[in-house]
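Geometric and topological summary
So you can see what is in the structure, the chains are spelled out below.
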2 protein chains.
Amino acid sequence: MIDHEGPTPLYVQVADAIQARIEAGELLPDRPIPSENQLVQEYGIARGTARKAIQLLRERGLVVTVVGRGTFVVAEPRQG
Amino acid sequence: MIDHEGPTPLYVQVADAIQARIEAGELLPDRPIPSENQLVQEYGIARGTARKAIQLLRERGLVVTVVGRGTFVVAEPRQG
DNA sequence: CGTAATTTGTTCGTATGTATG
DNA sequence: TCATACATACGAACAAATTAC
């Protein structure tokens, strides 16, 4: 699922994978995505890599992060 | 007692130190080891580091942890 | 019964050092 | 030199379980 060798950075692959899970309806609006540590487990990556992936998703406007709580799928997947 | 500079990770040093205290009979079977906050004070470390040290001791089969109570020295230090 | 204090569990924020390409 | 990636470590906030009052 994640290619640790290929040219695409891991954090981009992980961000894309999570985005796919959101668009597939596996991860629902206002509900949390897996925690950083869970992403570390699921994808076999370092925490810093998980954080960069989540940061990418924030920049894409797909999630919001709350300290001490987690990162949540935004209610409106892009809109005004 | 704890070397904050050397190559050995702090959490390993702290785990080793606690194990030594168990083997020396300072920390007795079925009795609690110092709480995470006490370890923070005693060793001048962060709580996360104390938790990683305790996790190591659990993996070594030396202690068991109970939520809201504490971490206890196992009755049988390895046996069948 | 409710409240507070203690203790472990979980989560994100940040910084540093190391290694690789 | 820079980006990527991992490991370590400290800090802060939030949460749940237990115990004392």
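Residues numbered from 1 in each chain as written. Chains lettered and ligands numbered in written order. Predicted model: local features only at pLDDT ≥ 70, side-chain atom pairs only at ≥ 80, totals over all residues. Heavy atoms only, no water.

1. Observations regarding unusual backbone geometry
Our working rule: Secondary structure elements follow DSSP: runs of H or I of four or more residues count as helices, runs of E of two or more count as strands, with numbering from the N terminus.
Notably, D30(A) is not glycine yet its phi reads approximately 65°, a positive angle. One can find D30(A) in the loop between α1 (10-23) and α2 (36-43).

2. A look at the protein's contact with DNA strand C
What counts is decided by this rule: Any residue with a heavy atom lying within 4 Å of a molecule or strand is counted as near it. Distance and chemistry together define a polar contact, namely a pair of N or O atoms within 3.5 Å, with one atom able to donate a hydrogen and the other to accept it when in protein, and with adjacent residues in sequence counting only for side-chain atoms on both sides.
Around DNA strand C, the structure places 22 residues, and the nearest of them are E36(A), R47(A), R51(A), R47(B) and R51(B). The side chain of S35(A) places a nitrogen or oxygen atom 3.5 Å from a phosphate oxygen of DNA strand C. At 2.8 Å from a phosphate oxygen of DNA strand C is found a side-chain nitrogen or oxygen belonging to R51(B). Those elements giving two or more residues to the surface near DNA strand C turn out to be α3 (47-59), β1 (63-66) and β2 (70-73) of chain A together with α3 (47-59), β1 (63-66) and β2 (70-73) of chain B.

3. Brief notes about the pattern of salt bridges
Opposite charge on two side chains permits pairing when their charged atoms draw close. What counts is decided by this rule: Whenever Lys or Arg places a side-chain nitrogen within 4 Å of a carboxyl oxygen from Asp or Glu, that contact is recorded as a salt bridge. In this scheme, a residue with accessible area under 20% of its type's maximum is buried, one over 50% is exposed, and one in between is partly exposed, where area comes from a 1.4 Å probe on protein chains only.
Counted under the stated rule, the structure contains 10 salt bridges over all chains. Here D16(A) ties to R60(A) by a salt bridge, and the two come within 3.0 Å at their closest N and O atoms. Of this pair, D16(A) sits in helix α1 while R60(A) sits in the loop between α3 and β1; the two residues are 44 residues apart in sequence, bridging distant segments of the chain. The partly exposed category is assigned to D16(A), whose relative accessible area is 38%. Residue classification places R60(A) among the partly exposed positions, given a relative accessible area of 33%. A salt bridge links R21(B) to E42(B), with the shortest nitrogen-to-oxygen separation between them at 3.1 Å. Residue R21(B) is found in helix α1 (residues 10-23), and its partner E42(B) is found in helix α2 (residues 36-43); the two are separated by 21 residues along the sequence. Under the relative-accessibility criterion, R21(B) is labelled buried at 16%. Since its relative accessible area comes to 42%, E42(B) is described here as partly exposed.

4. Brief notes about the UniProt feature "domain: HTH gntR-type" (unreviewed entry) in chain A
What counts is decided by this rule: UniProt positions are given in the numbering used here, feature names are shortened, and annotations may be inferred rather than shown by experiment.
The UniProt record marks residues 8-76 of chain A with the feature "domain: HTH gntR-type" (unreviewed entry), using the residue numbering of this structure. Secondary structure content for residues 8-76 of chain A is 51% helix and 12% strand, while the C-alpha to C-alpha distance between its ends is 28 Å.

5. Let's talk about the packing of α1(B) against α2(B)
Residues and elements named next belong to chain B. Filter applied, for reference: To get an axis, fit a line to the C-alpha atoms, keeping to the stretch in contact for a helix; angles then go from 0 to 180 degrees between the N-to-C directions. In this scheme, roughly parallel covers angles under 35 degrees and roughly antiparallel covers those over 145, while 65 to 115 is roughly perpendicular and the rest are oblique. Note on definitions: a residue-residue contact is assigned when non-hydrogen atoms from the two residues lie within 4.5 Å. Gly is placed with the polar residues, together with every amino acid not listed as nonpolar (Ala, Val, Leu, Ile, Met, Phe, Trp, Tyr, Cys and Pro) or charged (Asp, Glu, Lys and Arg).
Close contact between α1 and α2 brings their axes to 12 Å; oriented N to C, the two are set at 105°. Overall, the two elements α1 and α2 adopt an arrangement that is roughly perpendicular. Listed contacts from α2 to V14, A17, I18 and R21 of α1 are L39, E42 and Y43. Residues of the contact of α1 with α2, tallied by class, amount to five nonpolar, no polar and two charged.

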